[in-house]
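One letter stands for each residue in the lines below.
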Amino acid sequence: MARRRAAGPPVWQDFPPHPLQDYAVVADGRRGAMIGPRGDVAFLCAPSWDSPGVVSALVGGGGVYAVTPVEPFVWGGSYEEGSLVWGSRWRTTTCTITCHDALAYPGDPHRLVLLRQVEAGAHPAVVRVVLDLRAEFGSRKMRQLHRGDDGCWTARTGDLHVRWAGAQDAVVDDDGRLVLELRVAPGRRHDLVLEVSDERLPERPADAGALWDATRAAWAEAVPRLDGTIAPRDARASYALLRGLTSPGGGMVAAPTLGLPEQAHGDRNFDYRYVWLRDQAYAGMACAATDPLPLLDEAVAFTVARVLEDGLDLAPGYRVDGSPIPTEVDLGLPGYPGGGGVVGNWVEGQFQLDTAGTVLALLAAAARHDRLDADGSRALLKAMRIVETRWQEPDAGIWELENEWWTHSRLSCVAGLRATSVVLPGAEGSRAASLADAVLAETDRRCLGPDGRWRRSPQHEGVDASLLLPPVRGALPAADPRTRATLEAVERDLVRDGFVYRFRPDARPLGQAEGAFLLCGFTMALAQWHQHREAEALRWFERTAATAGTSGLLSEEYDVDERQLRGNVPQAFVHAMLLETAQCLQGDAT
């Protein structure tokens, strides 16, 4: 792995890292900011998702933007329903303070606008505000600091232009940070507006009131009610997150963060600020579970473009503009405690057969809703050609491991082909059905264990929780003995305290090698729903959804012993599966 020059010293003395469940995220479709309970923006990249950080304290780099009460406080917070407008609420010894945070939505491609509004309750509020932007993951301090006649501060950091309004009384401290003690009268509000751009900023600063109004109106229009689900508030929150992580053109980043550890001091610390086609398809299928939701069209558009362009060389993931994911590089940062500072991803160059099968399932779902145009139909045939040509090759699989003949990859293709056979007319539909039969027969021959359940691969005897999903997608009937035997094996071998683990990587007890996998918890709920076990499905849904932090965000893994979120947060495919499950279970609850 290549290394980049280490950044300057971290800022953890004043703003140490928090447990992952204490962070909220605001996003505008082009970038996101992680906000901790001290009102500290701990991670922010500009101008786009995978740009270098201008605030990277979350992974041990420089920079921070904090709004923090000066008195001792107890913290809480919530999103405005159906949006990514976050409100931190602090109860101090004398007052209640709220800080509303949002990235102006929808986002501009070159200029991020971070809105922060401090609101006092019945008593005066005093907060300490610190702004210290440092481009290139902390290695480039702010320079050319200047306060104009209008009270706005301007600066440069790296190649970026900065403007900060609402802080005319701020001073520059010995470390080059802008520091302000802000007093807000009872019942009043005070706006802070930060603009960061890779182009010269507009002559006039952004108007806070107009931006707040436009942002709230845009979220109200973008996020459907979702009242016809088992958990409308959670479903809306998940949809809002997926909406905020989706860029114009349809590309949805897997997570807005990098380097957050799945296990302390392990080697699984990844950069997820890119689009995984599998995750994109999961989100699209969640939006096609009942009546189609708008994000379905965007998931299809991005996927179709990638399939038509790359064909047999379809990659597992891309940058949001469709270009390749860069090679993994070590930033030389300390990382989040127990994690590491890496950019890029080792998925670059992998072949993941299940991606092609999942793409087929997505495009077939769009076709069922009459949302597939001529390009989409061509992409459907091209994706089928990928499976037809490459299904017998070893691949890295859903978990991106060593190349093997992974069972889940083949069954995902069977599910996608079955769905395709329904929507394709005539000979092409028959071809898809015949190919599904052939893939299933060979998979049965090579991967079925003597006890009648699916093995992970011909070389791996154990069961894998990912094998629960293909039957739900149509690879096999619910009553098929292989489906039921596999479900029973997962319940017996991969469940601990009501949480599901991916697989057993070694002989250690569950939970020692890695955390429970939250995607698999929702998959278990769907598998129980598929078996018409309504009460069990609801129990699994509630158990898994309850792992969310204060903000309602879900990560990739969950440490059952410590009751802590692990891995990059928020994780888009977990929220996509929550959204799908909430829609599917509603029919059983009414």
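Here goes a summary of the coordinates provided. Since the model is a prediction, treat every value here as computed from it, not as a measurement.

**A look at the pairing of strand E12 (residues 143-147)**
Stage number 1. Of the pairings in the sheet, the one linking E12 to strand E13 (residues 153-157) comprises three bridges and is antiparallel in character. Bridging from a neighbouring strand, His 146 pairs with Thr 154 of E13.
Stage number 2. Count of turn residues in the E12/E13 antiparallel hairpin: five residues, of which Gly 151 carries a positive phi of about 85°.

**Let's talk about the nonpolar core**
Stage number 1. Ranked by size, the top nonpolar core spans 188 residues in total, and within it Tyr 65, Val 129, Trp 164, Leu 194, Tyr 282 and Leu 417 carry the most contacts.
Stage number 2. It is helix H14 (residues 572-589) that provides the largest number of residues to this core, a total of 10 residues.
Stage number 3. The contact partners of Val 129, leaving out residues within four places of it in the chain, are Tyr 65, Ala 66, Val 67, Trp 164, Leu 178, Val 179, Leu 180, Leu 182 and Leu 192.
Stage number 4. Listed in part, the eight residues of the second largest apolar core include Ala 254, Tyr 272, Tyr 274 and Ile 325.

**Describing the sheet that holds strand E26 (residues 564-566)**
Neighbouring strands of a sheet are bound in pairs by backbone hydrogen bonds; such pairs are parallel or else antiparallel.
Stage number 1. Strand order in the open sheet formed by three strands is E24-E25-E26, and the pairing between neighbours is antiparallel. Edge positions in the sheet fall to strand E24 (516-517) and E26, since each of these pairs with one other strand and no more.
Stage number 2. Both E24 and strand E25 (residues 557-559) contribute to a ladder of two bridges, which runs antiparallel. By the bridge assignment, Ala 516 is partnered in E25 with Tyr 558.

**Observations concerning the sheet that holds strand E10 (residues 111-120)**
Stage number 1. Read from one edge to the other, the open sheet built from eight strands follows the order E7-E8-E9-E10-E17-E14-E13-E12, with strand pairing classed as antiparallel. The open sheet has two free edges, formed respectively by strand E7 (73-79) and E12, since each of these has just one partner strand. Shown here is a sheet whose adjacent strand axes are inclined to one another by a mean of 15°, direction ignored.
Stage number 2. With nine bridges connecting them, E10 and strand E17 (residues 189-197) associate as antiparallel partners. Paired with Gln 117 across the bridge in E17 is Asp 191.

**Some details on the side chain of Gln 21**
Stage number 1. For Gln 21, the position within the fold is in the loop between strand E1 (2-3) and strand E2 (24-27).
Stage number 2. Taking relative accessible area as the criterion, Gln 21 reaches 15% and is therefore assigned buried.
Stage number 3. Among the polar contacts listed, one links the side chain of Gln 21 to the backbone oxygen of Arg 563, at a separation of 3.3 Å.
Stage number 4. Among the polar contacts listed, one links the side chain of Gln 21 to the side chain of Gln 564, at a separation of 3.1 Å.
Stage number 5. Among residues more than four places away in sequence, those in contact with Gln 21 are Gly 549, Thr 550, Ser 551, Arg 563, Gln 564 and Leu 565.

**Here we look at a negative patch on the surface**
Stage number 1. A grouping of Asp 108, Asp 159, Asp 198 and Glu 199 is seen on the molecular surface, where their side chains present a negatively charged patch.
Stage number 2. Structurally, the position occupied by Asp 108 is in the loop between strand E9 (96-103) and E10.

**Describing empty space enclosed by the protein**
Stage number 1. Applying the stated criterion across every chain, the model contains seven cavities of 30 Å³ or more.
Stage number 2. Of the pockets and cavities examined, the largest cavity occupies roughly 90 Å³.
Stage number 3. For the largest cavity, the lining is made up of 13 residues, of which Thr 358, Ser 412, Ala 415, Leu 469 and Arg 473 are closest to its centre.
Stage number 4. Taken together, the elements giving at least two residues each to the lining of the largest cavity come down to helix H4 (277-286), helix H6 (353-368), helix H8 (407-423) and helix H10 (469-472).
Stage number 5. At five residues, H8 tops the list of elements feeding residues into the lining of the largest cavity.
Stage number 6. Per-class residue counts for the lining of the largest cavity are seven nonpolar, five polar and one charged.
Stage number 7. In this structure, the second largest cavity encloses a volume near 70 Å³.
Stage number 8. Lining the second largest cavity, in full, are Ala 396, Gly 397, Ile 398, Trp 399, Leu 401, Trp 406, His 408, Arg 456, Asp 464, Ser 466 and Leu 467.
Stage number 9. Partitioned by chemical class, the residues of the lining of the second largest cavity number six nonpolar, three polar and two charged.

**Here we look at the packing of aromatic side chains**
Stage number 1. Evaluated as defined, the whole model comprises 12 aromatic pairs.
Stage number 2. Taken together, a centroid distance of 5.8 Å and an interplanar angle of 90° make the contact between Tyr 65 and Trp 164 edge-to-face. You can see Tyr 65 sitting in strand E6 (residues 64-69) and its partner Trp 164 sitting in strand E14 (residues 160-165), a full 99 residues away along the chain.
Stage number 3. Since its relative accessible area comes to 1%, Tyr 65 is described here as buried.
Stage number 4. A ring pair is formed by Phe 73 and Trp 90, whose centres lie 6.2 Å apart and whose planes are at 65°; its orientation type is edge-to-face. With Phe 73 in strand E7 and Trp 90 in strand E8 (residues 86-92), the pair connects residues that are 17 residues apart, well separated along the chain.
Stage number 5. Members of the aromatic cluster, each reached through a chain of ring pairs, are Phe 270, Tyr 272, Trp 276 and Trp 346.
Stage number 6. In this arrangement the basic side chain of Arg 306 is found over the ring face of Tyr 318, its NZ or CZ atom lying 5.6 Å from the centre.

**Observations regarding the packing of helix H5 (residues 295-310) against H6**
Stage number 1. Between H5 and H6, the shortest axis-to-axis distance is 10 Å and the interhelical angle comes to 130°. Between H5 and H6, the crossing angle belongs to the class labelled oblique. Where H5 crosses over H6, the handedness of that crossing is left-handed. Residues Leu 296, Ala 299, Val 300, Thr 303, Val 304 and Val 307 of H5 form the contact with H6, whose participating residues are Val 359, Leu 362, Leu 363 and Ala 366.
Stage number 2. Of the residues that constitute the contact of H5 with H6, the class distribution is nine nonpolar, one polar and no charged.

**Here we look at the pattern of salt bridges**
Stage number 1. Inspection of every chain in the model, using the stated rule, returns 40 salt bridges.
Stage number 2. Where Arg 183 meets Glu 181, a salt bridge forms, and the shortest distance between an N and an O atom there is 3.2 Å.
Stage number 3. In this structure Arg 183 comes out as exposed when scored by relative accessible area, which is 61%.
Stage number 4. Here Asp 354 and Arg 278 are joined by a salt bridge, their closest N and O atoms 2.6 Å apart. Note that Asp 354 is positioned in helix H6 and Arg 278 in helix H4, a separation of 76 residues in sequence.

Definitions and limits used
Residues numbered from 1 in each chain as written. Predicted model: local features only at pLDDT ≥ 70, side-chain atom pairs only at ≥ 80, totals over all residues. Heavy atoms only, no water. Pairing = 2+ DSSP bridges. Helix = DSSP H or I, 4+ residues; strand = E, 2+ residues; numbered from the N terminus. Core = buried A, V, L, I, M, F, W, Y, C linked by side-chain atoms within 4.5 Å. Buried < 20%, exposed > 50% of the residue type's maximum accessible area, 1.4 Å probe, protein only. Contact = heavy atoms within 4.5 Å. Axes fitted to C-alpha atoms, helices over the stretch in contact; angles between N-to-C directions. Polar contact = N/O pair within 3.5 Å; in protein donor to acceptor, adjacent residues only side chain to side chain. Patch = residues over 30% accessible without salt bridge, like charges linked within 9 Å, V, L, I, M, F, W, Y side chains within 5 Å. Areas by Shrake-Rupley, 256 points an atom, 1.4 Å probe, with all protein chains shown as cover. Salt bridge = Lys/Arg side-chain N within 4 Å of Asp/Glu carboxyl O. Lys, Arg positive; Asp, Glu negative; His and termini not counted. Charge placed at Lys NZ, Arg CZ, Asp CG, Glu CD. 1 Å grid on protein atoms, 1.4 Å probe; cavity = no way out; pocket = protein on both sides within 12 Å on 5 of 7 lines; lining within 4 Å. Points joined across faces, edges and corners; volume = space filled by probe spheres on them. Nonpolar A, V, L, I, M, F, W, Y, C, P; charged D, E, K, R; others polar. Phe/Tyr/Trp six-rings, centres within 6.5 Å; stacked < 30°, edge-to-face > 60°. Lys NZ or Arg CZ within 6 Å of the ring centre and 35° of its normal. Parallel < 35°, antiparallel > 145°, perpendicular 65-115°, else oblique. Left-handed = near helix turned anticlockwise from the far one by under 90°.

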